[in-house]
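What follows is each chain in one-letter form.
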Amino acid sequence: MKEWLLVLLLLGLAFSDARTALEADKADDTANGGEDYSEERVDVARVENSEERTNPCSDKECKRGEICILDSKLTPKCVCIPTCVTPDPSDDRFQVCSKRNITYHSECALDRDHCLCRRQQKGCSIPGATKIRLDYYGPCQQLTPCYERELKEFPVRMREWLYVIMQQLAQRAEIPDYLELLEEARHEANHSHAVIWKFCDLDVDPQDRFVTRRELQYTIQSLKAMEHCLLPFLDKCDIDSDSQITLWEWGRCLGIDEAKIIDECKAIRRAAKRQED
């Protein structure tokens, strides 16, 4: 029971943080996304403290695993992160697993290794590799298979999760017009309103009624190690195997009656905009 509650909590956090993480993911190889390495930028301190000057690194975009420093002529340049500070390397709360099944002490360490390998510099842990990508948060482990019975039960669990998440966010007033949404979802056995709401919440960039693997990436990375049926379930939802899930595929996969798979995204976003204003 405790394990189920932990997964539920993580699912809620992963879904609610996915929008922010997506922006960092877009910066994967065009700008420095993922973690804050500002503590390493000691080389530009004298420029930042000058009232007459602006920091040349402010407009310099670095790739993942890089930071900006100034050379002797105060010219900004990107270099691989010199070192990553981890409070306790043995604490698996900071550890991450790469797609090559290698555990790193932190996401910073993974990004640094990515930079070193991409640049073919000394210190790269996998000579010849050009990309080191995050697979999931936590140390690498032998993931248990998702059996057919579990996969069949997953949509029911997912619907219940989404409804509970909606309740939690509603209590924190993070869902506009949440009372109406909750009331509608409460009287439905399949919680179709919660299912539609979450699709709209995931469909963020662009808002095109398609949820791509990139839009789902943070959710997968956060939960893959704890919810072994998540990835097979998402694969099953992508009926035409085009690496994106439509609203109809999402609703159908979660067992929603076709008549209730209604595009409510515009209304949900209008309500969100009213709340912001």
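## Points about the sheet that holds strand E5 (residues 134-137)
Judged by pairing direction, the sheet is antiparallel, and its 3 strands sit side by side in the order E4-E3-E5 without closing on themselves. Among the strands making up the open sheet, the edge pair consists of strand E4 (103-104) and E5.

## Quick word on helix H6 (residues 192-202)
Here H6 lies mainly inside the structure; 10 of its 11 residues are buried. Within H6, the full set of buried residues consists of Ser192, His193, Ala194, Val195, Ile196, Trp197, Lys198, Phe199, Cys200 and Leu202.

## Side note on the packing of aromatic side chains
How two aromatic rings sit relative to each other is set out by the distance from centre to centre and by the angle between their planes. Throughout the structure, instances matching the rule amount to 4 aromatic pairs. A ring pair is formed by phenylalanine 154 and phenylalanine 233, whose centres lie 4.7 Å apart and whose planes are at 45 degrees; its orientation type is tilted. Of this pair, phenylalanine 154 sits in helix H4 (residues 148-171) while phenylalanine 233 sits in helix H8 (residues 230-237), and the two are 79 residues apart along the sequence. As far as burial versus exposure is concerned, phenylalanine 154 and phenylalanine 233 are alike and both buried.

## A few points about the state of the cysteines
Summed over the entire model, instances satisfying the criterion amount to 9 disulfides. Each sulfur of the disulfide joining cysteine 62 and cysteine 78 lies 2.1 Å from the other. Judged by the sign of its S-S torsion, about -85 degrees, the bond between cysteine 62 and cysteine 78 is left-handed. Here cysteine 78 lies in strand E2 (residues 76-80) and cysteine 62 lies in the loop between helix H2 (45-48) and strand E1 (66-70), a separation of 16 residues in the sequence. Taking the relative accessible area as the measure of exposure, cysteine 62 reaches 4% and is therefore buried. When its relative accessible area of 17% is taken as the criterion, cysteine 78 is described as buried.

Definitions and cut-offs
Residues numbered from 1 in each chain as written. Predicted model: local features only at pLDDT ≥ 70, side-chain atom pairs only at ≥ 80, totals over all residues. Heavy atoms only, no water. Pairing = 2+ DSSP bridges. Helix = DSSP H or I, 4+ residues; strand = E, 2+ residues; numbered from the N terminus. Buried < 20%, exposed > 50% of the residue type's maximum accessible area, 1.4 Å probe, protein only. Phe/Tyr/Trp six-rings, centres within 6.5 Å; stacked < 30°, edge-to-face > 60°. Disulfide = S-S within 2.5 Å.

This is a description of form; function is not addressed.
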